[in-house]
Each structure stands twice: as C-alpha cells, then as structure tokens.
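Observations on chain architecture
What follows is the residue order along each chain.
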Amino acid sequence: MFDIPDGRFIAHHVVRRTFAGIAAMTGAAGEYLGNVGSLDAGTLGAIYLAVLIGAVTFTGSVVAFTKLSGMMSSAPLVLPGRDQLNLGMAGVLALGMAAFLNPSLGGAVGVDGLDPEALQLASLSLSAVVSSVLGFHLVASIGGPDMPVVVTVLNSYSGWALVAEGFLLGNPLLCQVGALIGFSGAILTWIMCEAMGRSITSVIFGGAGTAAPSGGGEAAVMEGEITIGSVDNLMESLLEADNIMVVPGYGLAVAQAQFAVADIAKKLKAMGKNVRFGIHPVAGRMPGQLNVLLAEANVPYDMVFEMDEVNEDFDNTDVTIVIGASDTVSSAAEDDPNCSIYGMPVLRVWKSKMVFVSKRTIGNTGYAGMENPILYKDNVEVVLGDAHDTCEALRSALD
C-alpha cells in the first residue's frame, strides 16, 4: 500500500512519456514510408526530428522508470569518455539528418551506391537506433538525486515530439499543446536546477562537464546513536514549545497524512503557538507538490513558507517535525563532499532546539542512497511508524 502513490506517479509520467516517444517515432516513420519521394524538405526535417526526439524520450523514460522504481541502481553510469561518446552520437545524428534531407550527400561519405530512397531509409533507421542509445546513456549517466529533474526534461522532450507530430499531421492544436508542454517542462527544469544547485547543462547532456565520481572518497562516519522517540515525547515537546516548524516531504504524500497534519497545526496555533510549514523547492516528486497537498488539507497560506524564507529561523525554532523528508533536510549536503547531493540547498532542521523525524523504519534512504546524518544528532529523535498513524495519534493526543 505504501507504494501506491509512488507507483501512480511513476506510471503516469513514465508511461505518458514512453508512449509519446513511441507515437512520435511510429507516426513519423509511417508518414515517410507512405509518401516516399514526394515529401518536401520541411516535412523531411520534421520526420527526422520526430524520430530523434521520440527515441530519446522513449529510452530515457524507461531508464528513469527503472531508477525511480529501484529496479536499476541510482548511481550514475560512468563510461570512459562519457562526453565524447555523447558528442560522437550527436555527430552521427547530424550527418544522418544531412543525408536524409539531401541524399546526394551520400557520395561524400562513400555510400553513393545507394539510391536516394534507400539512403534516406537507412539514415532514418540509423537515427532511431543511435537516438535510442543516446537517450539511454544520457539518463543513465544522471544520478538518482537528480532524477526528478530528469523527469521534467523528459516532459519537455515529449512536448517537442508532439510539435513534430502536429506539423506532420497538419494539426495546429497539437503543435500548440506540444509547445506548451515543451516550454513548461523547460522552465520547470530550470527552476528545479536552480533549487538543487545543479547545472542545467549538465543535467540535459548527461552530466557533461562534470567530474566523474571517483568512488575513492571515504563515506562520512556516522557518530552517535539514533534516539528512538514516541508520540508522547513529541506531544510534550510541542506543548512546551513556542516556535514550531513542520517540514513535510514525499513521505507525507505516500502516507496521505496531510489532513491530520493540518489539524495538528491548527490546534497548536489555537494554543497561541507560532506554527509554520517549511517547504523545500523540490520536496516530493515535483515542485509545488507539497504546497498542493497542504492546500488540499486547507492549511492557511500564511502558515506555508518556502525554504529561503525560513532557513535562517531554525536557530530560534523550539521544535521541528520532519515528516517523510530525507535528502531535502540532510546535513550531508553541506558537510560531506563525497555525498551525491553535496552542494544542494537544504532545510537546516538540525539547528532547531529539538527535532522529531517521522520514519517508517530505520535505514530508509532518499535518492542520495545514504542514511541521513541528522538522525544521529543529540537533538533528534526518530518516531517510527507510518506517518499517517503517527499523525493521527498525535492529533488524538492533542484533543
């Protein structure tokens, strides 16, 4: 049951992009095969680009699905000469497009023995194969922590594939919808890269220009012990606190605990306490997901704050409750250069006087693939159990 919301997310986004990629490829191929020798240069260009973008979207979406669902390691694939491989495949695709648009160029590359139609078909087939490999390699080269950004990139790609399809079908509406998806996906990618401290060029081009992880760095040693707390301890701390911060993550969505959390916040506020929600820009699977969940539960907008608005306030916060968040509140992002999320802006919850982290089990990790070091800090207690059950118990205790 815990996997249902996550499964719906993966199924919805990956299946939609996968089929968009397949549709673009097959539609373009059908348009060419049904009108061989009678297509103008503009249509031929749209066909080639539809196959190229569709293939990248298809294989990239499959890789993203396997990484998000845990069927494939979240570690980035690091092949020797990674950037050179990508550039080489891009060069092959450029030459293939030139030959597809102007078959007379075949003589320049030593394939003048083929008739124009055969050369065009070979170029289109080569584009499908090379683009598929390129899509696989680009996404496989991105580490698990950046997968949510890759999802938005693929969303943009699927939009541009729709634009090409709309051009081929002479459907202006399809072109407009595709352009809307393409531009919105690109803008969302930029927003997420800014929020995560990532280079948009590196994400789009499969880690281009970044140093490959050496793997030789020693993992940070976790000092101290994890303190297991309880709902009773949490309730007592909340009753004694004046300033309270709630930091939700994707686990809140999985547990469907937003309604209980909303009631808890309202009850505490009615007691005269300062209760705020701190939202990381990429909390959840997509930007704004946690904002929508809290709005669904009728949490007042004046209680919800972005990371930049509250990150300097944790020193003055008496109690922070972390529900279903891991990487976005990990101190390793600031302290451990060998961590895959090092450099990503995070909510500094560990600076609060007391922190309670709601987790199903010890050992669950985020996309970083490592346990959160804050769990070992002296001012942190872990409340084990389903977040929904924990929040319901706390709501009942506050009645």
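Given the structure is predicted, the values throughout are model-derived calculations rather than measurements.

Things to note about the confidence of the model for the chain
Detail in the predicted coordinates should be disregarded across regions flagged by low pLDDT. Mean pLDDT over the chain: 84, with 87% of residues reaching 70 or higher. For residues 1-8, every residue scores under 50 in pLDDT, and the model assigns this stretch 9 contacts once sequence neighbours within four places are set aside. Below pLDDT 50 for its whole length, residues 212-217 participates in 4 contacts with residues either more than four positions away or in separate chains.

Points about the pairing of strand S6 (residues 354-359)
Each regular strand displays side chains that alternate between the two surfaces of the sheet. Among the 6 residues in S6, 6 count as buried, and that is most of the element. Judged by which residues are buried, S6 turns out to be covered on both faces: Met354, Phe356 and Ser358 on one side and Val355, Val357 and Lys359 on the other are all buried. As defined by bridge partners, strand S5 (residues 319-323) adjoins S6 across 5 bridges and the pair is classed as parallel. Bridged to Val322 within S6 is Val357. As paired elements, S6 and strand S7 (residues 380-384) share 5 bridges and run parallel to each other. Each bridged residue has a counterpart across the sheet, and for Lys359 the counterpart in S7 is Leu384.

What about the pattern of salt bridges?
Tallied over the full model, the rule gives 7 salt bridges. The closest approach of N and O atoms between Asp83 and Arg82, which form a salt bridge, is 3.5 Å. A relative accessible area of 8% places Arg82 in the buried class. Here Asp263 makes a salt bridge to Arg395, at a shortest N to O gap of 2.3 Å. One end of the pair, Asp263, is in helix H10 (residues 258-270); the other, Arg395, is in helix H14 (residues 387-398), and 132 residues separate them in sequence. Residue classification places Asp263 among the partly exposed positions, given a relative accessible area of 28%. The class of Arg395 is buried, set by a relative accessible area of 18%. Each of Asp263, Glu392 and Arg395 takes part in one network of salt bridges that share partners.

What to know about the sheet that holds strand S4 (residues 304-306)
Across the sheet, which stays open at both edges, the 7 strands sit in the order S1-S7-S6-S5-S2-S3-S4 with parallel pairing between neighbours. Of all strands in the sheet, those bounded by a partner on one side alone are strand S1 (227-228) and S4. As paired elements, strand S2 (residues 243-248) and strand S3 (residues 274-279) share 4 bridges and run parallel to each other. Note on S3: the bridge partner recorded for Asn243 is Asn274. Contacts from helix H8 (residues 231-240) reach S2, S5, S6 and S7, with the element oriented near 140 degrees to S5. Running at roughly 145 degrees to S3, helix H11 (residues 289-296) makes contact with S2, S3 and S4 of the sheet.

Rules used in this analysis
Residues numbered from 1 in each chain as written. Predicted model: local features only at pLDDT ≥ 70, side-chain atom pairs only at ≥ 80, totals over all residues. Heavy atoms only, no water. pLDDT = per-residue confidence, 0-100. Contact = heavy atoms within 4.5 Å. Buried < 20%, exposed > 50% of the residue type's maximum accessible area, 1.4 Å probe, protein only. Helix = DSSP H or I, 4+ residues; strand = E, 2+ residues; numbered from the N terminus. Pairing = 2+ DSSP bridges. Salt bridge = Lys/Arg side-chain N within 4 Å of Asp/Glu carboxyl O. Axes fitted to C-alpha atoms, helices over the stretch in contact; angles between N-to-C directions.

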